[in-house]
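Single-letter residue listing:
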Amino acid sequence: MKPVHDIPDPLTAMRRGRTGRRDRLPSGAAPVTHAMAGDDRKRRADPGLPGTAVITKTRPQIKRPSLYRVLILNDDYTPMEFVVYVIERFFGKDHEAANRIMLHVHNHGIGECGVYTYEVAETKVTQVMDFARKHQHPLQCVMEKK
Ligand code: TYC
């Protein structure tokens, strides 16, 4: 058991810092110890006191959006020129690119017209389906998660 006179006074111990030396700044002021700085932070952050504010640093959670392929399907009835026009109009392709995509679909049964985020892809599908129906062609357009 330690004699009572050997137990350091907690305030003196705090002012002296970890080394126990009476550290002084060049100005002669006592340095702010770790424990004091911590106490100070707690006091200033108390949201219950007037004129104080809590500043919280949050890491913004950024995620790339999922991408979706918009595909058209082959059928035996939709005219080739109609398909080429649809690809130009709704997918922004030039005539040559649109013709290549149409021929790919004609030969392979399915082909990609573009890749978009969910809502954009959904809009393209609706636009193509509505336009084909309006012209009484059975052209089918679907979306697929990449
Ligand atoms: N196969 C169609 C025809 O011979 C042309 C066509 C191509 C139709 C692509 C649909 O997605 C399609 N007229």
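Everything below is about the structure printed above this text.
Predicted, not measured: the structure shown is a model, and the values here were computed from it.

Caption draft 1: Geometry of the site of the ligand. Lining the immediate surroundings of the ligand are Ile72, Leu73, Asn74, Asp75, Thr78, Met80, Val83, Met102, Val105, His106 and Leu139. Here a nitrogen atom of the ligand sits 2.9 Å away from a polar atom, N or O, in the main chain of Thr78. At 2.9 Å, a side-chain N or O of His106 approaches a nitrogen atom of the ligand. Protein chains shield 89% of the accessible area of the ligand, which is 340 Å² for the free molecule. Residue assignment for the shell around the ligand shows that the elements contributing at least two residues are β1 (67–73), α3 (80–91) and α4 (95–108). Per-element tally for the shell around the ligand: the top contributor is α4, with three residues. In terms of residue class, the shell around the ligand is built from seven nonpolar, three polar and one charged.

Caption draft 2: Layout of α3. Along its 12 residues, α3 runs 16 Å from first to last C-alpha, staying within 8% of the 16 Å computed at 1.5 Å per residue. When α3 is considered as a whole, its buried residues turn out to be Phe82, Val83, Val84, Val86, Ile87, Phe90 and Phe91. Buried-residue contacts for α3 involve β1, α4, β2 (110–117), α5 (118–134) and β3 (140–145).

Procedures and definitions
Residues numbered from 1 in each chain as written. Predicted model: local features only at pLDDT ≥ 70, side-chain atom pairs only at ≥ 80, totals over all residues. Heavy atoms only, no water. Near = heavy atom within 4 Å. Polar contact = N/O pair within 3.5 Å; in protein donor to acceptor, adjacent residues only side chain to side chain. Areas by Shrake-Rupley, 256 points an atom, 1.4 Å probe, with all protein chains shown as cover. Helix = DSSP H or I, 4+ residues; strand = E, 2+ residues; numbered from the N terminus. Nonpolar A, V, L, I, M, F, W, Y, C, P; charged D, E, K, R; others polar. Expected span 1.5 Å × (residues − 1). Buried < 20%, exposed > 50% of the residue type's maximum accessible area, 1.4 Å probe, protein only. Contact = heavy atoms within 4.5 Å.

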